[in-house]
Structures are given as structure tokens and as C-alpha cells.
Amino acid sequence: MNAEHRIEDLLRELAPQVLGTLVRRHGQFAACEDAVQEALLAAALQWPTEGVPDRPRSWLLTVASRSLVDEWRSESARRRREETMAALEPAADQEDANHGPADQDDTLALLFLCCHPALSPPSQLALTLRAVGGLTTTEIAAAFLVPEATMAQRISRAKQRIRSAGARFELPPKPAERLGVVLHVLYLIFNEGYTASSGPTLHRVDLTAEAIRLARLLHRLRPREGEVAGLLALMLLTDARRAARTDAAGSIVPLAEQRRELWDAAGIAEGVALVTRTLGTVPVGPYQLQAAIAAVHDEAPTAEETDWPQILALYEVLGQVAPGPLVTLSQAVALAMVHGPKAGLALLGTLDADERMAHTHRLESVRAHLLERAGDTVAARESYLRAARMTASVPEQRYLALRAARLHHLAAPADPAC
Amino acid sequence: MKYMIMMFGGLGATLETRTPEWITSMHEFMLKLDGELKEAGEVVASHGLVDPSRAKTVRFQNGVPVPTDGPFAEVKESLAGYWIVEVSEDRAIEIASQVVAFIEYPMEVRRIMDEPTAPEL
């Protein structure tokens, strides 16, 4: 790792701590957040040439505080400024001393604030990446493929909304519920990076890496929360297959056809250890169950050796803990592997009337695969094409169109890409 | 000058009867072209749209806007995707010609209107 990367990592680790400290002292999340971004920018410019200061955290805190004061001064809030100045100066110096539990609570409170229920999911994602992740607006805009001005506006509106919702910088009264929202936001960031819901490339590595980093941070803060460990394990176990998930041409390779030697053994080991340690010690939740399922897949040396009965059993538990159409969908796949494609197709039939499936291609995609396995090539082809028309992902669309074309041209020579 | 190069039709129109080999090579061609345009700094934006069968059209009916399923035009005339390139008209036509030679479907090249210039300060 070169010096510049080390500085970047350090800055992003310190960002939520510095912001947390500032907000705890002064309130005014929006102003503090701007100030911290300025301090991060200054550090990114100065540290590579002038060296990292002895106490980088104090440095950032001092610069951010100064910028906050400048801001207040320019807003001519004279009286307030004088009060704040008095409060600011000495505190900035003793920061490295209290690098303890208060800090951790600050980071957690920041996460809760950024994932406030009054915000729309895109705003929650953007704000979390900026305030807790320490990413710049430019980087976030690039990751989500939107113009920078749009992202800047989204972040600024999100901050206004937090203020008008009267959100406070503190651990919420019902932390368990709010923790669920935080986990979901991290899950969405990961998914955005992993499946790239729109756009030409399948993986946006930065977002998956960032989601894992934030999940690790949260796991450090709340090591006994089973679902936090479960989510981190799920991300690790899913991300471990990344190298095998696309071929050289960028096309999707389904799980059963992936070259398992490309899987990341270290990531799998870490994920499996995490989920093994967690399961059975705490109330079981959906992320832990999904992680356990991913672990069963990842531990199979070949696709044929996958322990499908165990996966089916886990999906049945998941269906009870967190029922939903996507769980039923995956359960149908497992059912088909254990009891044959007809059994799977019958379960899929129960989703046909489900409104929640109207906007995803996944039902048709799974149906197409099961029809193909059942030998009904005509119906399978139609299902593949329907799925291809529904997806918003270019690689998915190409994959589905190719599967359909292959069934249509069965007599033609085998497609080298598949 | 900026031009929009528009591609029409849906998945059904362009891919349904093609061979897997054709689909693969079409993809490779598009990827290569996209890369070249980006490399040359000619592309301002490029986006593909989901299949027109997923479109909703909002029409003004009996004094109110009414949304209905489906695209505004025939599926084969419906916008499928576009590039915005900053090049001469000849170059824009040349780019479109390369694609048309491959997909055998028509494309439209149209100049984007100038941004209003910023007021003098």
C-alpha cells in the first residue's frame, strides 16, 4: 500500500470520529459536516507533501473547528461565535486523550442520523457515504453515476431534511429498530456496488468495499449484535465470489458455472468463521440466515456437491423469520434442486399475483431456468425474453438474451461465451 | 457542437431472432465503440433505456393526465438509448454509420440546442 493510500484510509477512518465530536459539541450537523469535508480536503492536499501530523485527529478537529468558526463569523452570528470560540479552543487540544467509548457512540449516532427514517434511501446512502464514509461528493456521484451537481444537491437537501425533522445527535430511543435501517442502508450500498442495478458494468468495486468497511466498523462498535455480524458475513461471503462472477467479456457467470478456484478463500474463511461464531448465540435474524446460506454455497468444492437440502431448510427458516417474495423465489430454486424443477415451478406460481414482483425480472429469470431444466425449451425461451425485457441491467439483459438465443438456435454450434 | 445519436426499438426488435454469436459480437462491438468514444473525449453522456414494453405514457385525457402502460410510439420507433457526443456533424454521422452497419436498424443524429449563455456579470 503506498503512502497516499495510507493517508486516504486514515482520513476516512478519522472522518466520522471528528464529525461526531464536532456535532456532539455544537449540534448543527449540516454546518459541522461541511467543516469536516473542508478539513479532509486540506489534509488530502497537505499531508502527502508535508507529512502526516503527529496527532492527525487533533489536526483535523482543529482545522474543522476553525472552518466552522469562519463560517459562523461570516454569518455574523457574533454573540454565538464568541461563546463558541471560548468553548472550541481548549477542547481541540485534548482530543487524542478521549479516544474511547464516547467516540464510538459518536460514530454510531452519526450512522443513525444519516440513516434517519425521514430521508429517502438514495439520500440515506449518499449522506452515510459522505459523513461516515468520508467520501467526497465527487466520488459518491461517480459511484452512483449521477452528475456531481445532482449529488451535491441531494446531500444538501438531506441535511436540511434532518434539521427540519428535528433529528438529534444521540442514540435513538429504540436503537434496535433504527439499527435495522442502518443495516439496510449498508446492504443497499453493497448491492449497488455488487449488482450495479443500472449501467454497463456489473461491479462497482468501490461501493462494495466501502459497504464492507462500514459494516466492519459497525461490527466493531456492536460486536454482540447478531445481525450486524450476519450482514458483514453475508457481504464477505458474497463478495468472495466477485472474480468468478463475470467472464473476460464482462458477461455474468451463474453460480453453478463459476470457476470456484477464483473465489477468495480468505474472504470465505472470514465470513464462515463470523457466521459460525454468531449462529446459535443470539436470536437468529435474516442477515445471519442469508449469510449461512451463502456459506453453504461457498463451502461446496463443486456446484454438484452443494448441500441443497441444508440450503432449502435454511430458506424455510428464513421464510418464517422474514417472509417475502424474494425469499420464496430463492426457496423455489432450492426446492427445485432437492425435489426437481416441477416442484420449484409450482412454488413460483404462488408469486404470479404478487404486486411486489411486477417490477423485477427475477421471477421470470428463475422461471426460465427451471423451465429449461424441466425440458420445456419453448416456454423457457419466452420466459428468458420476458425477463430480458424487464431488467435494467445491461449485463443481465445480455445474459438473458443469450440464454434465449441459445434455446432458439439449439442446432447451432455451442456458444463460446457460455 | 453537441449531437444526440439515437437508437430505436426494443429488445424484441433487435435481439429476438439473432444467434448467440451475433449477440456476443454486437456487445463486443458496442463496448469497443463506447471505449473509443470515451478515449477520444468525444462522448458527453451515453445511456441505454429499459425495454419500451416497460414504459408508461402519460396522456392528457378529459382534462387530466392519465398514465397508461406502454411506450408513446410503436415499439420499433421507441427510443432505446442514446449517445451525446461533442463532435462535428460529419463525425456524428460517421459514428452512427458504424453502428447502423452492424445492427442494420436506422439511427437518428440531431444537434442539441445551445445552452443559453450565462449573463454578463
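**Q** Kindly report on the overall build of chain B, identifying the contributing residues and their values.
**A** Along the backbone of chain B there are three helices and six strands. From first element to last, N terminus to C terminus, chain B shows the α and β order β-α-α-β-β-β-β-α-β. Whereas a compact globule of 121 residues would reach a radius of gyration of roughly 14 Å, chain B reaches 17 Å, over 25% beyond that. Taken along its principal axes, the extent of the C-alpha atoms in chain B is 60 × 50 × 20 Å. Considering only contacts in chain B between residues 6 or more positions apart, those separated by 24 or more positions represent 72%.

**Q** Any chance you could break down the sheet that holds strand 5 (residues 79-86) of chain B for me, citing the residues and the numbers?
**A** Residue and element names in this part refer to chain B. What the four strands build is an open sheet, ordered 2-5-1-6; its pairing is antiparallel. This sheet does not close on itself; its edge strands, each paired only once, are strand 2 (43-48) and strand 6 (107-111). Sheet twist, expressed as the mean angle between neighbouring strand axes with direction ignored, is 15°. With seven bridges connecting them, strand 1 (residues 2-8) and strand 5 associate as antiparallel partners. Across the sheet, Ile5 pairs through a bridge with Trp83, a residue of strand 5. Across the face of the sheet, helix 3 (residues 89-103) comes into contact with strand 1, strand 5 and strand 6 while running at roughly 165° to strand 6.

**Q** So what's going on with the confidence of the model for chain A? Which residues, and what values?
**A** Residue and element names in this part refer to chain A. Here chain A averages 85 in pLDDT, and 88% of its residues register 70 or above. Confidence drops under a pLDDT of 50 for residues 88-98, and excluding neighbours within four residues, the segment shows 15 contacts in the predicted structure. In the predicted structure, residues 411-418 sits below a pLDDT of 50 and forms 12 contacts with residues beyond four places in sequence or in another chain.

**Q** Go over helix 13 (residues 265-278) of chain A with me, naming the residues and quoting the values.
**A** Taking 1.5 Å as the rise per residue, helix 13 of chain A with 14 residues should run 20 Å; its terminal C-alpha atoms sit 20 Å apart, in good agreement. As for helix 13 of chain A, its buried residues are in contact with helix 11 (226-239) and helix 14 (286-299) of chain A.

**Q** Can you lay out helix 16 (residues 325-339) of chain A for me, pointing to particular residues and giving the numbers?
**A** Residue and element names in this part refer to chain A. For helix 16, built from 15 residues, the straight-helix expectation of 21 Å at 1.5 Å per residue is met to within 8% by its first-to-last C-alpha distance of 20 Å. Residues Thr328, Leu329, Gln331, Ala332, Val333, Ala334, Leu335 and Ala336 constitute the buried set of helix 16. Positive phi appears at Gly340, one or two residues downstream of helix 16, with a value of about 100°.

**Q** Break down the pairing of strand 1 of chain B for me, with residues and values.
**A** Inspection of the sheet shows strand 1 of chain B paired to strand 6 of chain B by five bridges, in the antiparallel sense. When the sheet's bridge partners are listed, B:Met4 is paired in strand 6 of chain B with B:Arg110.

**Q** I'd like a rundown of the nonpolar core, residues and numbers included.
**A** Residues A:Val18, A:Val36, A:Ala64 and A:Leu186 are the most contacted members of the largest nonpolar core, which totals 114 residues. With nine residues, the single largest contributor to this core is helix 11 of chain A. Setting aside residues up to four positions removed in sequence, A:Ala64 forms contacts with A:Val18, A:Leu22, A:Ala35, A:Val36, A:Glu38 and A:Ala39. Residues B:Met7, B:Tyr82, B:Val85 and B:Ala96 belong to the second largest nonpolar core, which totals 13 residues.

**Q** Got a sec to walk through the packing of helix 2 (residues 29-50) of chain A against helix 8 (residues 148-164) of chain A? Specific residues and values, please.
**A** All names here are of chain A. Between helix 2 and helix 8, the least distance of the axes is 9 Å, while the angle of their chain directions is 145°. Residues Phe29, Ala30 and Glu33 of helix 2 form the contact with helix 8, whose participating residues are Lys159, Ile162 and Arg163. Looking at the contact of helix 2 with helix 8 residue by residue, the class counts come to three nonpolar, no polar and three charged.

**Q** Account for the interface of chain B and chain A, naming residues and giving values.
**A** Frequently, the measure chosen for interface size is the accessible area that the parts lose on association. Counting residues at the interface gives 17 residues for chain B and 17 residues for chain A. At the level of elements, helix 1 (11-15) and helix 2 (20-39) of chain B are the ones that each hand at least two residues to the side of chain B that touches chain A. Counting residues per element, the side of chain B that touches chain A draws most heavily on helix 2 of chain B, which supplies six residues. Residue classes in the side of chain B that touches chain A are distributed as five nonpolar, six polar and six charged.

**Q** Could you give an account of the packing of helix 14 of chain A against helix 15 (residues 308-321) of chain A, naming the residues involved and the relevant values?
**A** Residue and element names in this part refer to chain A. Closest axis-to-axis distance for the helix 14/helix 15 pair is 10 Å, and the angle between their directions is 170°. In this view, helix 14 runs roughly antiparallel relative to helix 15, as classed from their interaxial angle. Across the interface between the two elements, Pro286, Leu289, Gln290, Ala292, Ile293 and Val296 of helix 14 pack against Gln310, Ile311, Leu314, Tyr315, Val317, Leu318 and Val321 of helix 15. The residue makeup of the contact of helix 14 with helix 15, split by class, is 11 nonpolar, two polar and no charged.

**Q** Which residues make up unusual backbone geometry, and what values go with them?
**A** Residues and elements named next belong to chain B. With a phi close to 50°, Asn62 is a non-glycine residue in the positive phi region. Within the secondary structure layout, Asn62 lies in the loop between strand 3 (56-61) and strand 4 (64-69). Under the C-beta neighbour-count criterion, Asn62 is labelled exposed, with 5 such atoms within 10 Å. One non-glycine residue, Glu104, lies in the positive phi region at around 65°. Looking at the element boundaries, Glu104 is found in the loop between helix 3 and strand 6. In this structure Glu104 comes out as exposed when scored by C-beta crowding, with 8 C-beta atoms within 10 Å.

Reading the values: rules and limits
- Along each chain, residues carry numbers from 1 onward, in the same order as the chain's sequence is written.
- Here chains are named by letter from A upward and ligands by number from 1 upward, in the order in which they appear as written.
- Local features in this predicted model are restricted to residues whose pLDDT is 70 or higher, and side-chain atom pairs enter the listing and the counts only when it is 80 or higher, whereas totals over whole chains, interfaces and linings include all residues.
- Segments assigned H or I by DSSP are reported as helices when at least four residues long, segments assigned E as strands when at least two residues long, and all are numbered from the N terminus.
- Only the C-alpha atoms count toward the radius of gyration. The rule for a globule is 2.2 Å times the residue count to the power 0.38.
- Contacts here follow a simple rule: the backbone-placed C-beta atoms of the two residues must lie within 7 Å.
- Note: two strands are recorded as paired if DSSP finds a minimum of 2 bridges between them.
- The axes used here are C-alpha line fits, helices contributing only the stretch in contact, and every angle between their N-to-C directions lies in the interval 0 to 180 degrees.
- Confidence of the predictor in every single residue is expressed as pLDDT, which spans 0 to 100.
- Helices are assigned an expected span. That span is 1.5 Å times one less than the residue count.
- Put simply, a residue is buried when 20 or more other C-beta atoms lie within 10 Å of its own C-beta and exposed when 12 or fewer do; between those, it is partly exposed, and each C-beta is set from the backbone.
- Nonpolar core, as used here: buried Ala, Val, Leu, Ile, Met, Phe, Trp, Tyr and Cys residues forming one set through C-beta atoms within 7 Å.
- When residues are grouped by polarity, Ala, Val, Leu, Ile, Met, Phe, Trp, Tyr, Cys and Pro land in nonpolar, Asp, Glu, Lys and Arg in charged, and all others, Gly among them, in polar.
- Any angle between 65 and 115 degrees counts as roughly perpendicular, while under 35 counts as roughly parallel, over 145 as roughly antiparallel, and the rest as oblique.

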